[in-house]
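# Coordinate inspection notes
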Amino acid sequence: MPVRIHYPNINALAALAILSSADFAVELSAHPLTLRRVNSTPFVYPYRVTYRDCTLGNHVYYANYLGILEAARGEFFRHLGVTFLQWQEQGFMFPVAEAQLRYKALARYDDVLNVEVWLTTAERVRLNFGYRIVNQSSVLILNAETHHVCMSLEEKMKRLPDALVTAVKPHLRLTAQ
């Protein structure tokens, strides 16, 4: 059952993070916050390969996987109840500092890919993600990691908000799967 709470500023969210359990997602906006329970099972984002994604050889162009990973991250945050835009409205952004992709097999036009997303680090200013992409036949296509830093809109390093750390805790894994 969703719980609506209004906090006039983001600093009040620290109290919310202490009061709520790790099983709640926190929605940040200028409007009331919504807490909702999230499932601790892995988050999976389905993606159908488009013609635009592919080369003339009918496989996904290697750089296009970065866009697929970003779409999956965005949906992961939406699943938690907070979009990237809502974090930005609160003065936070999470640029990519490093990306590692390990290609295992080719994905082709019209394949349905399942992008599994989890957190490997959520501490201080670091927010790191792990990914695993498989096709509809469960063939491993890609393993990847992206490392992000938390920054203000003025591009200064900024500590991760406690509410975000609390919301992502159920999705934290110490090792890639």
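Check the entry above for the structure.
Residues numbered from 1 in each chain as written. Predicted model: local features only at pLDDT ≥ 70, side-chain atom pairs only at ≥ 80, totals over all residues. Heavy atoms only, no water.

## Concerning the overall build of the protein chain
Of regular secondary structure, the protein chain possesses four helices and eight strands. In the protein chain, the succession of helices and strands from N to C terminus is β-α-β-β-β-α-α-β-β-β-β-α. A burial count over the protein chain gives 45% of its 177 residues as buried. In the structure as shown, the protein chain presents an accessible area of about 9,600 Å², 54% of it carried by carbon and sulfur atoms. (Helix = DSSP H or I, 4+ residues; strand = E, 2+ residues; numbered from the N terminus. Buried < 20%, exposed > 50% of the residue type's maximum accessible area, 1.4 Å probe, protein only. Areas by Shrake-Rupley, 256 points an atom, 1.4 Å probe, with all protein chains shown as cover.)

## Some details on the packing of aromatic side chains
Taken as a whole, this structure holds 13 aromatic pairs when the rule is applied. Where Tyr61 meets Tyr62, the ring centres are 4.7 Å apart and the plane angle is 50 degrees; that geometry is what we call tilted. Between Trp87 and Phe94, the ring centres sit 6.3 Å apart and the planes meet at 85 degrees, which makes this aromatic pair edge-to-face. Of the two residues examined, Trp87 and Phe94, each falls in the buried class. Ring pairs connect the aromatic residues Phe43, Phe76, Phe77, Phe84, Trp87, Phe92, Phe94, Phe129 and Tyr131, which therefore count as one cluster. The ring centre of Phe92 lies 4.1 Å from the NZ or CZ of Lys158, which sits over that ring. (Phe/Tyr/Trp six-rings, centres within 6.5 Å; stacked < 30°, edge-to-face > 60°. Lys NZ or Arg CZ within 6 Å of the ring centre and 35° of its normal.)

## Some remarks on the layout of surface pockets
Counted as a void, the largest pocket has a volume near 150 Å³. As for the largest pocket, its lining consists of Glu70, Arg73, Phe84, Leu85, Gln88, Phe92, Met93, Phe94, Pro95, Val96 and His148. Where the lining of the largest pocket is concerned, the elements lending two or more residues are α2 (64-80) and α3 (84-89). With three residues, α3 is the single largest residue contributor to the lining of the largest pocket. (1 Å grid on protein atoms, 1.4 Å probe; cavity = no way out; pocket = protein on both sides within 12 Å on 5 of 7 lines; lining within 4 Å. Points joined across faces, edges and corners; volume = space filled by probe spheres on them.)

## Focus: the pairing of strand β8 (residues 140-149)
By the criterion of burial, β8 is predominantly enclosed, with seven of the 10 residues buried. The pairing of strand β5 (residues 96-103) with β8 spans seven bridges and is antiparallel. Its bridge partner lying in β8, Glu98 is registered against His147. As paired strands, strand β7 (residues 126-134) and β8 are joined by nine bridges and run antiparallel to one another. The residue of β8 that forms the bridge with Gly130 is Glu145. (Pairing = 2+ DSSP bridges.)

## Quick word on a nonpolar patch on the surface
Residues Tyr61, Tyr62 and Tyr103 make up a contiguous nonpolar surface patch of about 340 Å² in total accessible area. The residue Tyr61 is located in the loop between β4 (43-48) and α2 in this model. (Patch = residues over 30% accessible without salt bridge, like charges linked within 9 Å, V, L, I, M, F, W, Y side chains within 5 Å. Salt bridge = Lys/Arg side-chain N within 4 Å of Asp/Glu carboxyl O.)

## Some thoughts on the nonpolar core
Phe76, Val115, Leu127 and Ile133 are the most contacted members of the largest nonpolar core, which has 34 residues in total. The dominant element in this core, judged by the number of residues it contributes, is α2, at seven residues. Residue contacts for Phe76: discarding those within four places in its chain leaves Phe43, Val117, Leu119, Phe129, Val168 and His171. (Core = buried A, V, L, I, M, F, W, Y, C linked by side-chain atoms within 4.5 Å. Contact = heavy atoms within 4.5 Å.)

## Topic: the sheet that holds β5
Spatial ordering of the open sheet is given by β4-β6-β7-β8-β5, a layout of five strands whose pairing is antiparallel. Among the strands making up the open sheet, the edge pair consists of β4 and β5. Taken over all neighbouring pairs, the strand axes of this sheet differ in orientation by 20 degrees on average, direction set aside. (Axes fitted to C-alpha atoms, helices over the stretch in contact; angles between N-to-C directions.)

## Some points on the pattern of salt bridges
Throughout the structure, instances matching the rule amount to seven salt bridges. Note that Arg48 is salt-bridged to Asp110, the shortest N-O span being 3.1 Å. Linking Arg48 in strand β4 with Asp110 in the loop between β5 and β6 (112-123), this pair joins segments that are 62 residues apart in sequence. When its relative accessible area of 38% is taken as the criterion, Asp110 is described as partly exposed. For Arg173, the salt bridge identified is with Glu116, shortest N-O distance 2.6 Å. Linking Arg173 in the segment after α4 (162-168) with Glu116 in strand β6, this pair joins segments that are 57 residues apart in sequence. Taken individually, Arg173 and Glu116 each receive the classification buried, so the pair is uniform in this respect.

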